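Listed here are the chains, written in short residue letters.
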Amino acid sequence: MTGDLVQIVVYGLTVGSVLALVALGYNLVFATSRVVNFAQGSMLVVGGFVAFAFVRAGVPIWGALPLATIVGGLVGIAVDTLAIRPLRDFDAGSSVGWILTTFSASLVCLEVVKLTIGAEPRSIPSLADSVFGWRGSTVSGVPIVPSDILIVVSALTLMVVGEFVQKRTMAGRALRAVSQDRTAASLMGINPRRLVMFSFALAGAVGALGAVLLAPRLFVKFDNGLLLGIQAFVAAVVGGLGSTKGAVLGGFVLGFVGGALRVLSSTGGQIEPLVVFVVFMLVLAVRPTGLLGLPVVEKA
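Figured I'd write up the structure that's included with this text. Remember, predicted model here, so these are calculated numbers, not experimental data. (Residues numbered from 1 in each chain as written. Predicted model: local features only at pLDDT ≥ 70, side-chain atom pairs only at ≥ 80, totals over all residues. Heavy atoms only, no water.)

1. Describing the overall build of the chain
Turning to step 1, where the next piece is worked out: The secondary structure content of the chain amounts to 11 helices and 2 strands.
Turning to step 2, where the next piece is worked out: From first element to last, N terminus to C terminus, the chain shows the α and β order α-α-α-α-β-β-α-α-α-α-α-α-α.
Turning to step 3, where the next piece is worked out: Here the C-alpha atoms of the chain give a radius of gyration of 19 Å, agreeing with the 19 Å that 2.2 N^0.38 yields for 300 residues.
Turning to step 4, where the next piece is worked out: In terms of overall dimensions, the chain has C-alpha extents of about 60 × 50 × 35 Å along its principal axes.
Turning to step 5, where the next piece is worked out: Looking at the chain alone, contacts between residues at least 24 apart form 74% of all its contacts between residues at least 6 apart.
Turning to step 6, where the next piece is worked out: Averaging the positions of the 20 positive and the 13 negative side-chain charges in the chain gives two centres separated by 7 Å. (Helix = DSSP H or I, 4+ residues; strand = E, 2+ residues; numbered from the N terminus. Rg over C-alpha atoms; globule rule 2.2 N^0.38 Å. Contact = heavy atoms within 4.5 Å. Lys, Arg positive; Asp, Glu negative; His and termini not counted. Charge placed at Lys NZ, Arg CZ, Asp CG, Glu CD.)

And the structure:
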C-alpha cells in the first residue's frame, strides 16, 4: 500500500511538472493576447532537437541549454510575426483565424526540424546526474533520480517567478493591462504589439527549457509535440488559461489522476485519456474559466 502511494506521488509530481512546463507556455501567450498558441507543442520539439544538435556538435549540455532556449525564443517571435501579426488588430474572441495560423506555424516548425536535423528520436545527456553526490534513491521500490527532482523544482520555480513578475513588477502590470484592455493600455503608453511578441518569445524559451529537462525521461522525439501539446492544453484549461499557478495546478491534477489510474488499475494506462477528458469536461461544467482562472469582464 505504501509503495502504491509513493508511486502515485512520484508519478503525479513528475508527470504533472512535465505538463505544467508546457502549459506555462500556453498561459504566457494567452495572458497577453487571449490567443491559444497551438504551435506550443512544436516549440517543445524544436527546442529538444536544437539542443541535440548543439550537443552533437560538441557543446556541453549546460552550454546547449541556454543556446536552445535562445533559439526557442526566436522561434516564438517567428510564430508571432508570421501567424499573429498578419491578423493585425483582431478580436481573439470573435475572430478565430489564429487557430489556423498557429496550427500551420506548428507544421512549418516540424518540417524545418525534419529537413535540418532529422526526425529520428534522439537522446541528450541529463542536466543533473547527481546532486551533491546523490545519484538517486529507491523509496518503497520506486526509483527517484535527480532529473525527476529537477523537473519538479523547475516547474515550481517558474511558477513562483511568473507570479512575482506578473504581480510585483511594472512589466507584469503592463502585461495584465494589455490582456484586459489593449486600447486603454496603448493610451497609457504601453506598446501591446511588443508585449505580445515578448510573451511568444518567453513561451518559446520555456518550451525549449522543458524539452531539455524532459529529454532524460521521454527522449527527444516528434510524438512529444502532439501528445504533450494536447495534454498540456487540457492542463492549462483545467487550471485556468492565463494563470501561472493554474498551469501548475492543472498539470498536477492530470498527473495525479493518471498516476492513480496506472497504479490502482491494470488497464489504467489505456483508460487514462478517457478519464482525463472526463475530468476536463467536469471542471468546465462546474467552473468554465478553470480552477484558478478569472472570468473575462465585458465592458459596455
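Don't stop here, the text continues.
2. A few points about the side chain of Ser-154
Turning to step 1, where the next piece is worked out: Looking at the element boundaries, Ser-154 is found in helix α5 (residues 146–168).
Turning to step 2, where the next piece is worked out: Residues in contact with Ser-154, not counting those within four places in the same chain, are Leu-21 and Leu-213.

3. What to know about a nonpolar patch on the surface
Turning to step 1, where the next piece is worked out: A cluster of nonpolar side chains, contributed by Leu-226, Leu-227, Ile-230 and Phe-277, occupies part of the molecular surface with about 390 Å² of accessible area.
Turning to step 2, where the next piece is worked out: Sorting elements by how many residues they give to the nonpolar patch places helix α9 (residues 223–239) first, with 3 residues.
Turning to step 3, where the next piece is worked out: Here Phe-277 shows up in helix α11 (residues 268–286). (Patch = residues over 30% accessible without salt bridge, like charges linked within 9 Å, V, L, I, M, F, W, Y side chains within 5 Å. Areas by Shrake-Rupley, 256 points an atom, 1.4 Å probe, with all protein chains shown as cover. Salt bridge = Lys/Arg side-chain N within 4 Å of Asp/Glu carboxyl O.)

4. Here we look at the nonpolar core
If you look at soluble globular proteins, the nonpolar side chains tend to sit buried side by side.
Turning to step 1, where the next piece is worked out: With 68 residues, the main nonpolar core has Phe-49, Val-79, Ile-124 and Val-212 as its most contacted residues.
Turning to step 2, where the next piece is worked out: Per-element accounting of this core gives the leading share, 11 residues, to helix α1 (residues 2–33).
Turning to step 3, where the next piece is worked out: With residues up to four places along the chain from it excluded, the contact list for Ile-124 reads Ala-51, Phe-52, Ile-61, Val-212, Ala-215 and Val-220.
Turning to step 4, where the next piece is worked out: With 5 residues, the next largest nonpolar core counts Ala-174, Val-178, Ala-185 and Leu-195 among its residues. (Core = buried A, V, L, I, M, F, W, Y, C linked by side-chain atoms within 4.5 Å. Buried < 20%, exposed > 50% of the residue type's maximum accessible area, 1.4 Å probe, protein only.)

5. Examining the layout of surface pockets
Turning to step 1, where the next piece is worked out: Estimated volume of the second largest pocket: approximately 530 Å³.
Turning to step 2, where the next piece is worked out: Forming the walls of the second largest pocket are 21 residues, and the residues nearest its centre are Leu-227, Leu-228, Gln-231, Arg-262 and Glu-272.
Turning to step 3, where the next piece is worked out: Listed by contribution, the elements that provide at least two residues to the lining of the second largest pocket are α1, α8 (192–218), α9, α10 (244–264) and α11.
Turning to step 4, where the next piece is worked out: In terms of residue class, the lining of the second largest pocket is built from 13 nonpolar, 4 polar and 4 charged. (1 Å grid on protein atoms, 1.4 Å probe; cavity = no way out; pocket = protein on both sides within 12 Å on 5 of 7 lines; lining within 4 Å. Points joined across faces, edges and corners; volume = space filled by probe spheres on them. Nonpolar A, V, L, I, M, F, W, Y, C, P; charged D, E, K, R; others polar.)

6. Thoughts on the packing of helix α2 (residues 40–56) against helix α3 (residues 61–84)
Turning to step 1, where the next piece is worked out: Closest axis-to-axis distance for the α2/α3 pair is 8 Å, and the angle between their directions is 140°. Considered as vectors, α2 and α3 are oriented oblique to each other. Regarding α2 and α3, the two cross each other, and that crossing is right-handed. Contacts between α2 and α3 involve Met-43, Val-46, Gly-47, Val-50, Ala-51, Phe-54 and Val-55 from the first element and Ile-61, Ala-64, Leu-67, Ala-68, Val-71, Val-75, Gly-76 and Val-79 from the second.
Turning to step 2, where the next piece is worked out: Among the residues forming the contact of α2 with α3, the class breakdown is 13 nonpolar, 2 polar and no charged. (Axes fitted to C-alpha atoms, helices over the stretch in contact; angles between N-to-C directions. Parallel < 35°, antiparallel > 145°, perpendicular 65-115°, else oblique. Left-handed = near helix turned anticlockwise from the far one by under 90°.)

7. A short note on the packing of α9 against α11
Turning to step 1, where the next piece is worked out: Taken N-terminus to C-terminus, the directions of α9 and α11 make an angle of 25°; their axes are 10 Å apart at the nearest point. Viewed along their axes, α9 and α11 adopt a mutual orientation that is roughly parallel. By crossing handedness, the relation of α9 to α11 is classed as left-handed. Contacts from Ile-230, Val-234, Val-237 and Val-238 in α9 reach Val-276, Phe-277, Phe-280, Val-283 and Leu-284 in α11.
Turning to step 2, where the next piece is worked out: Tallied by class, residues from the contact of α9 with α11 come to 9 nonpolar, no polar and no charged.

8. Remarks on α5
Turning to step 1, where the next piece is worked out: With 23 residues, α5 extends 32 Å between its outermost C-alpha atoms, agreeing within 8% with the 33 Å of an ideal straight helix rising 1.5 Å per residue.
Turning to step 2, where the next piece is worked out: Here α5 has its buried residues at Pro-146, Ser-147, Asp-148, Ile-151, Val-152, Ser-154, Ala-155, Met-159, Gly-162, Glu-163 and Gln-166.
Turning to step 3, where the next piece is worked out: Contact partners of the buried residues in α5: α1, α6 (170–180), α8 and α10. (Expected span 1.5 Å × (residues − 1).)

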